[in-house]
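Structural overview for review
Each chain is listed here by its residues.
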Amino acid sequence: MSVIPKKEKYKIDQNQLVKELRKFIDEERFQDDEYIERIKARLNEILEENYKKQENLIEVLHEVQGLIGFIPKYVQKEVAKGLDLAPGEVSSVISFYAHFSEKPKGKYQIAICKGTACYVKGSVDIIDRIKKEYDLKAGESTDDGLFSLEIVRCLGACGLGPVMTVNGKAHGLLNAEKAVNILQKYENNQM
Ligand code: FES
């Protein structure tokens with residue numbers, strides 16, 4: 001007779017969670033009494049459902065990213081513990097996939113393609129210009145939280161290269177000047 005493994009009861013530490021979220025999230029969000037409760041309860045559920053299921057790592061990270069909007073360090077450690085993985089394995093998956101992030105993404109999420117077709121048509125110039133213009137690094141957000149930047153491999157619109165998307169909307173046949181003009185429109189609520 002097979003023995004059903006006992007599920008671990010998870011208890012995300014509320015103080016640690018709040019401490020971590022406060023580094024990035026507006027104080028206003030914490031006025032909603034249920035905000036932290038909701039996140040904590042769902043995290044506990046996710047970890048219980050996936051107890052020691054290492055093969056579910058990507059799925060778990062998707063859920064956490066969707067739940068909080070990013071995957072804070074403390075939560076990464078808990079995911080590693082719950083799935084019985086080394087913390088380094090979790091953080092390397094997060095840094096490998098542009099979809100996941102350790103910090104909140106900007107209001108406008110920019111993705112610029114550095115795949116071959118876009119690269120040969122000058123996407124690096126666009127990336128450099130945007131980084132300079134907004135003092136922005138790949139994988140990070142501007143201090144005001146308006147823009148975040150991801151460099152991606154192919155956006156599936158190679159014929160329109162160089163291509164960038166802003167919150168999923170594609171803008172093609174770009175050069176550095178055009179890309180900055182488009183972003184200024186987002187900045188001024190004209191898009
Ligand atoms: S290489 Fe850029 S969209 Fe395909």
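This structure is a prediction, so every number in the text was calculated from the model and none was measured. (Residues numbered from 1 in each chain as written. Predicted model: local features only at pLDDT ≥ 70, side-chain atom pairs only at ≥ 80, totals over all residues. Heavy atoms only, no water.)

Now for the overall build of the protein chain. A tally of regular secondary structure across the protein chain gives eight helices and four strands. For the protein chain, the α and β elements follow one another from N to C terminus as α-α-α-α-α-β-α-α-β-β-β-α. Considered along the principal axes of its C-alpha atoms, the protein chain spans approximately 65 × 45 × 25 Å. Taken over 191 residues, the protein chain has a buried fraction of 40%. Put simply, of all contacts in the protein chain between residues at least 6 apart along the chain, 63% involve residues at least 24 apart. Looking at the protein chain as shown, the accessible area adds up to about 11400 Å², and 49% of this sits on carbon and sulfur atoms. (Helix = DSSP H or I, 4+ residues; strand = E, 2+ residues; numbered from the N terminus. Buried < 20%, exposed > 50% of the residue type's maximum accessible area, 1.4 Å probe, protein only. Contact = heavy atoms within 4.5 Å. Areas by Shrake-Rupley, 256 points an atom, 1.4 Å probe, with all protein chains shown as cover.)

A few words now on the pattern of salt bridges. Should the charged atoms of two oppositely charged side chains come close, the side chains can pair. If you walk through the whole model with that rule in mind, you get 13 salt bridges. For Arg 38, the salt bridge identified is with Asp 32, shortest N-O distance 3.3 Å. Look at Arg 38 and you get partly exposed, because its relative accessible area is 45%. For Lys 105, the salt bridge identified is with Glu 150, shortest N-O distance 2.5 Å. One end of the pair, Lys 105, is in the loop between helix H5 (87-96) and strand S1 (108-113); the other, Glu 150, is in strand S2 (residues 147-152), and 45 residues separate them in sequence. The structure contains a network of salt bridges with shared partners spanning Arg 42, Glu 45, Glu 49 and Glu 63. (Salt bridge = Lys/Arg side-chain N within 4 Å of Asp/Glu carboxyl O.)

Below, the discussion takes up helix H4 (residues 73-83). Residue pairs three or four apart in sequence face the same way in an α-helix, which turns once every 3.6 residues. Most of H4 is tucked away: eight of the 11 residues are buried. Regarding H4, the residues found buried are Tyr 74, Val 75, Gln 76, Glu 78, Val 79, Ala 80, Gly 82 and Leu 83. Contacts from the buried residues of H4 go to helix H1 (14-22), helix H2 (33-49), helix H3 (57-68) and H5. Looking one or two places after H4, you find Asp 84, whose phi comes out positive at around 65°.

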